[in-house]
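Next come the chains, spelled out residue by residue.
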Amino acid sequence: MIHAHGGIVDKIQGDGVLCFFGYAYDGDVSPENHAETAIQCAIALQEDAVERAQSAISEKRPVFPLRIGVNTSLVQVGNLGTGKKIEITLIGHGVNYCKRLESAADSFGILVSESTRMRLHADFALAAFKLRQIRIKHLETPQPVYECTPKHLDEQKRDQALDEYRRQQGMSRQDPRFFVGRNCPVQVETSYGPASLVDFSSSGIGLVMDAYLAKQVSVQIRLLGPDKNLEQELQSIGLFPVIASVCWARELEPQKFRTGLSLQGLNDSQRERLKSILIAATAVETAA
């Protein structure tokens, strides 16, 4: 499928594949639309991955989600082998950045760098692109990238495949989760702006945020009550702010994103204390 879209497979490493577009070994001029062909290939791969997952479900076999990162950058391409072995490959910061995109992508998802997005024609109609923030190793601030959503991908089949994958991996929720009422008195300030508290447990917290964050992005969370009591109580146990890491996010409505985060750096006592404080401070509707 990669070859069919004009790509070249560089190497296969474990369960990962590194390939590139826009280079001609035969000396011909490299195509200028390599960004578009790379995205077209990524879309085709994910559509195929979803169909393969459906077959795996029906045959009671393991489901293996695919993550894809696409980046456009100047790199060095050439023979890095020795006199006894030829190894044509590519190196450069852009290769590493592409790997970071793949790691931050959701299962059955595609993340595209800003440099790739800018090379696509305005009338590119195969996918929708939404700005998202991801965490990059060695960089202090999250980087803007684009989530690529194929317009013809069967989202129902994808979600079914994801549910089956989570079931097979034992990734179902373990801790009871408490859902807060609409008139929750607790206000939330984060390092990415204000948010709304939706639910919480001893291990995680659910927010509605204005920022669309990718998994592994670290978030500082400050929980504020109608008076200073909540803030002072959290400060007394070292939980102001609370540090959490994004596990997943999805769009609820334009510019509003439901975000699930796992609490970081807390011991068992702090986790239970935070849960008890929030139960007392919020209008808990249900626990599940």
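Scroll up to find the structure this text is about.
Residues numbered from 1 in each chain as written. Predicted model: local features only at pLDDT ≥ 70, side-chain atom pairs only at ≥ 80, totals over all residues. Heavy atoms only, no water.

Quick question: what am I supposed to make of the overall build of the protein chain here?
Looking only at helices and strands, one finds six helices and 16 strands in the protein chain. Taking all 288 residues of the protein chain together, the buried fraction comes to 41%. Taking the intrachain contacts of the protein chain between residues at least 6 apart in sequence as the baseline, contacts between residues at least 24 apart amount to 62%. Accessible surface computed for the protein chain: about 16500 Å², of which carbon and sulfur atoms make up 48%. With 32 positive and 34 negative side-chain charges, the protein chain shows a separation of 4 Å between the mean positions of the two kinds. (Helix = DSSP H or I, 4+ residues; strand = E, 2+ residues; numbered from the N terminus. Buried < 20%, exposed > 50% of the residue type's maximum accessible area, 1.4 Å probe, protein only. Contact = heavy atoms within 4.5 Å. Areas by Shrake-Rupley, 256 points an atom, 1.4 Å probe, with all protein chains shown as cover. Lys, Arg positive; Asp, Glu negative; His and termini not counted. Charge placed at Lys NZ, Arg CZ, Asp CG, Glu CD.)

Even after reading the chapter, I still don't get the state of the cysteines, so can you show me in this structure?
Two cysteines whose sulfur atoms are joined by a covalent bond form what is called a disulfide. For the structure on display, the rule yields zero disulfides. Left without a disulfide partner, Cys98 is nearest to the cysteine sulfur of Cys19, which lies 8.0 Å away. (Disulfide = S-S within 2.5 Å.)

Where do I start with the pairing of strand β11 (residues 193-200) in this structure?
For a regular strand, side chains alternate in direction, first toward one face of the sheet and then toward the other. In this structure, strand β9 (residues 178-180) lies alongside β11, joined through two bridges in antiparallel fashion. Among the inter-strand pairings, Phe178 is bridged to a residue of β11, identified as Phe200. As paired strands, strand β10 (residues 187-190) and β11 are joined by three bridges and run antiparallel to one another. Pairing of Val188 across the sheet is with Ala195, part of β11. Counting the residues in the hairpin turn of β10 and β11 gives two residues. The sheet contact formed by β11 and strand β12 (residues 204-209) spans five bridges and is antiparallel. Its bridge partner being in β12, Leu197 is matched across the sheet by Leu207. Linking two consecutive strands that pair antiparallel, namely β11 and β12, is a turn of three residues. (Pairing = 2+ DSSP bridges.)

Any chance you could explain the pattern of salt bridges here in plain terms?
A side chain with one charge may pair with a side chain of the opposite charge, provided their charged atoms come close. Within this structure, the stated rule accounts for 18 salt bridges. Between Lys157 and Glu51 there is a salt bridge; the shortest N-O distance is 3.3 Å. In this pair, Lys157 sits in helix α4 (residues 155-168) while Glu51 sits in helix α1 (residues 34-58), placing the two residues 106 residues apart along the sequence. Residue classification places Lys157 among the partly exposed positions, given a relative accessible area of 28%. A relative accessible area of 38% places Glu51 in the partly exposed class. A salt bridge links Lys130 to Glu251, with the nearest nitrogen and oxygen atoms 3.3 Å apart. Of the two residues, Lys130 sits in strand β7 (residues 127-134) while Glu251 sits in strand β14 (residues 242-253), which places them 121 residues apart along the sequence. Taking relative accessible area as the criterion, Lys130 reaches 28% and is therefore assigned partly exposed. Judged by relative accessible area, Glu251 falls into the partly exposed class, the value being 35%. (Salt bridge = Lys/Arg side-chain N within 4 Å of Asp/Glu carboxyl O.)

It is not clear to me how the environment of Leu252 should be interpreted in this structure. Could you clarify?
With respect to the helices, strands and loops of the structure, Leu252 is situated in strand β14. For Leu252, a relative accessible area of 47% puts it in the partly exposed group. Residues Leu252 and Val208 lie 44 residues apart in sequence; the distance between their C-alpha atoms is 8.4 Å. Contacts of Leu252, omitting those with residues within four sequence positions, involve Val208, Phe257 and Arg258.

Whenever I open this one, helix α5 (residues 229-236) confuses me. Can you help?
Every α-helix carries 3.6 residues per turn, so stepping three or four residues along brings you back to the same face. The set of residues buried in α5 consists of Leu230, Glu231 and Leu234. Projected onto a plane normal to the axis of α5, the buried residues spread over an arc of 100° and lie on a single side. Tucked inside the fold, the buried residues of α5 contact β13 (218-224) and α6 (268-281). Gly238 sits one or two positions beyond α5 and adopts a positive phi of about 75°. (Arc of directions from axis to C-beta.)

Without other data, these values stay purely geometric and don't point to any function.
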